[in-house]
Amino acid sequence: MSHPTPVDLTGKVAVVTGSGRGLGLAYATALASAGAAVVVNDIDEAVAEQAVAALTAAGGTAVAETVAVGTAEAADRLVARAVDTFGRLDVLVTNAGILRDRVLWKMTDDDFDAVIATHLRGTFTCARAAAVRMREQGEGGTLVLVGSPAGQRGNFGQTNYAAAKAGIAAMARTWSMELARAGITVNAVVPVAATAMTETVPAFAPYVEAMRRGEPLPDVLRKREGFGTPEDCAALVPFLASDAARGITGQCIGIGGDKLALWSHPQEIATAYADGGWSPETIAAAWPTSVGSAPQSVGIPAPKLPEPR
């Protein structure tokens, strides 16, 4: 492992949604650095153009497409931008997202619908358009869907976001089966990084502020919590787009700080049986000593961190 083979994506073309800043820009930068041509997407034209300028100044190849993901028309525009400019599409990263955090009894229909439209429907429409193009090309491809720990475990105040991210994990598993014959891999990445979405977590906030002052994150944060910068999460994307990952599909893979992890898929962990079936009474009698003896935890575990200096 001291001399790994460099990941080379020369000749490949990628679309990264929501890539004007934050994690999306880190993904786009990593792909461009590995040789891929990148379509940068953002809802803010100035932000998208700034990202393109940064990528090209570093020697990469990139163009911008300003559109809000969610509709089929937006997805078609992104695929067309890649094909019309670079001749093909090989990689799609569905990163675009928004937050509308509210507890259940305060969440409005608009709060719910906006997040579902961007995260879940946006992932679906963009992946569908990309899959159509990749199947037409007949040379395989890569779909990288962006998940979240909230979608794996739930998170207080994030009904809409957690539901969307859980759905994205399920879509990755489903599409990995449907697109296998076409040679298209589909995986969900589960990043943890200092972004606008995580800086509001009270335990992380002082460390994010310290990082902005140029102070390094402590090892306990980078290793145990797997929390770092957006750039720390970026390497996973070009890896999944490379030939080295052709056999990896249908997985949820976590990355953050110094930590790389494979998330488990839901499965039965305890069973009980009753001859002739169950009644409410027999379930009540059996529950405490059988399937209910070790209930599963919920939520993202609160980090136990020392106070920053």
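Scoring rules and cut-offs
Residues numbered from 1 in each chain as written. Predicted model: local features only at pLDDT ≥ 70, side-chain atom pairs only at ≥ 80, totals over all residues. Heavy atoms only, no water. Helix = DSSP H or I, 4+ residues; strand = E, 2+ residues; numbered from the N terminus. Buried < 20%, exposed > 50% of the residue type's maximum accessible area, 1.4 Å probe, protein only. Contact = heavy atoms within 4.5 Å. Lys, Arg positive; Asp, Glu negative; His and termini not counted. Charge placed at Lys NZ, Arg CZ, Asp CG, Glu CD. Axes fitted to C-alpha atoms, helices over the stretch in contact; angles between N-to-C directions. Parallel < 35°, antiparallel > 145°, perpendicular 65-115°, else oblique. Left-handed = near helix turned anticlockwise from the far one by under 90°. Nonpolar A, V, L, I, M, F, W, Y, C, P; charged D, E, K, R; others polar. Pairing = 2+ DSSP bridges. Right-handed = clockwise from strand over helix to strand, strands pointing away. Disulfide = S-S within 2.5 Å. Salt bridge = Lys/Arg side-chain N within 4 Å of Asp/Glu carboxyl O.

J.: Help me understand the overall build of the protein chain, please; the structure alone is not making it clear to me.
T.: Scanning the protein chain from terminus to terminus reveals 11 helices and 8 strands. Expressed as lengths along the three principal axes of its C-alpha atoms, the size of the protein chain is roughly 65 × 55 × 50 Å. Here the protein chain, with 309 residues, has 46% of them falling under the buried criterion. For the protein chain, the proportion of contacts with a sequence separation of at least 24, taken over those separated by at least 6, is 69%. Where the 25 positive side-chain charges of the protein chain centre and where its 31 negative ones centre are 3 Å apart.

J.: Any chance you could explain the packing of helix H4 (residues 109-137) against helix H6 (residues 159-178) here in plain terms?
T.: The relative placement of two packed helices comes down to the angle between their axes together with the axis-to-axis distance. With their axes 8 Å apart at the nearest point, H4 and H6 run at an angle of 15° to one another. Between H4 and H6, the crossing angle belongs to the class labelled roughly parallel. In this structure, H4 crosses over H6, and the sense of that crossing is right-handed. Contact residues: Asp111, Phe112, Val115, Ile116, His119, Leu120, Thr123, Phe124 and Ala127 in H4; Thr159, Asn160, Tyr161, Ala164, Lys165, Gly167, Ile168, Met171 and Trp175 in H6. Tallied by class, the residues present in the contact of H4 with H6 amount to 11 nonpolar, 5 polar and 2 charged.

J.: Even after reading the chapter, I still don't get the pairing of strand S5 (residues 141-146), so can you show me in this structure?
T.: A regular strand carries its side chains on alternate faces of the sheet. Most of S5 is tucked away, with 6 of its 6 residues classed as buried. As paired strands, strand S4 (residues 91-94) and S5 are joined by 4 bridges and run parallel to one another. The residue bridging Leu92 from the neighbouring strand is Leu143, located in S5. Following the backbone out of S4, through H4 and into the adjacent parallel S5, one traces a crossover that is right-handed. As defined by bridge partners, S5 adjoins strand S6 (residues 184-191) across 6 bridges and the pair is classed as parallel. If you follow Leu143 over to S6, its bridge partner there is Val186.

J.: Any chance you could explain the state of the cysteines here in plain terms?
T.: All chains considered together, the criterion is met by 0 disulfides. In this structure Cys252 is a free cysteine whose sulfur lies 15 Å from that of Cys233, the closest cysteine sulfur available. Residue Cys252 is classed as buried on the basis of its relative accessible area of 0%.

J.: Just checking my understanding: could you explain the packing of helix H3 (residues 72-86) against H4 for this structure?
T.: Look at H3 against H4: their axes get within 8 Å of each other, and the N-to-C directions meet at 40°. When the interaxial angle is binned, H3 and H4 end up oblique. By crossing handedness, the relation of H3 to H4 is classed as right-handed. Residues Ala72, Ala75, Asp76, Leu78, Val79 and Val83 of H3 pack against Thr125, Cys126, Arg128, Ala129, Ala130 and Arg133 of H4. Of the residues in the contact of H3 with H4, the class split is 8 nonpolar, 1 polar and 3 charged.

J.: What am I meant to see in the pattern of salt bridges here?
T.: Pairs can form between side chains of opposite charge whenever their charged atoms are close. Taken as a whole, this structure holds 12 salt bridges when the rule is applied. With a closest N to O distance of 2.9 Å, Asp90 and Arg88 form a salt bridge. Here Arg88 falls in the buried class, since its relative accessible area comes to 18%. The closest approach of N and O atoms between Asp258 and Arg222, which form a salt bridge, is 2.7 Å. Of the two residues, Asp258 sits in the loop between strand S7 (252-256) and strand S8 (259-262) while Arg222 sits in helix H8 (residues 219-224), which places them 36 residues apart along the sequence. Residue Asp258 is classed as partly exposed on the basis of its relative accessible area of 41%. Counted as one network, the salt bridges with shared partners bring together Asp219, Arg222, Lys223, Asp232 and Asp258.

J.: Please clarify how the environment of Thr56 should be interpreted in this entry.
T.: Along the chain, the position of Thr56 falls in helix H2 (residues 45-57). Judged by relative accessible area, Thr56 falls into the partly exposed class, the value being 37%. Sequence separation between Thr56 and Met211 is 155 residues, and the spatial gap between their C-alpha atoms is 27 Å.

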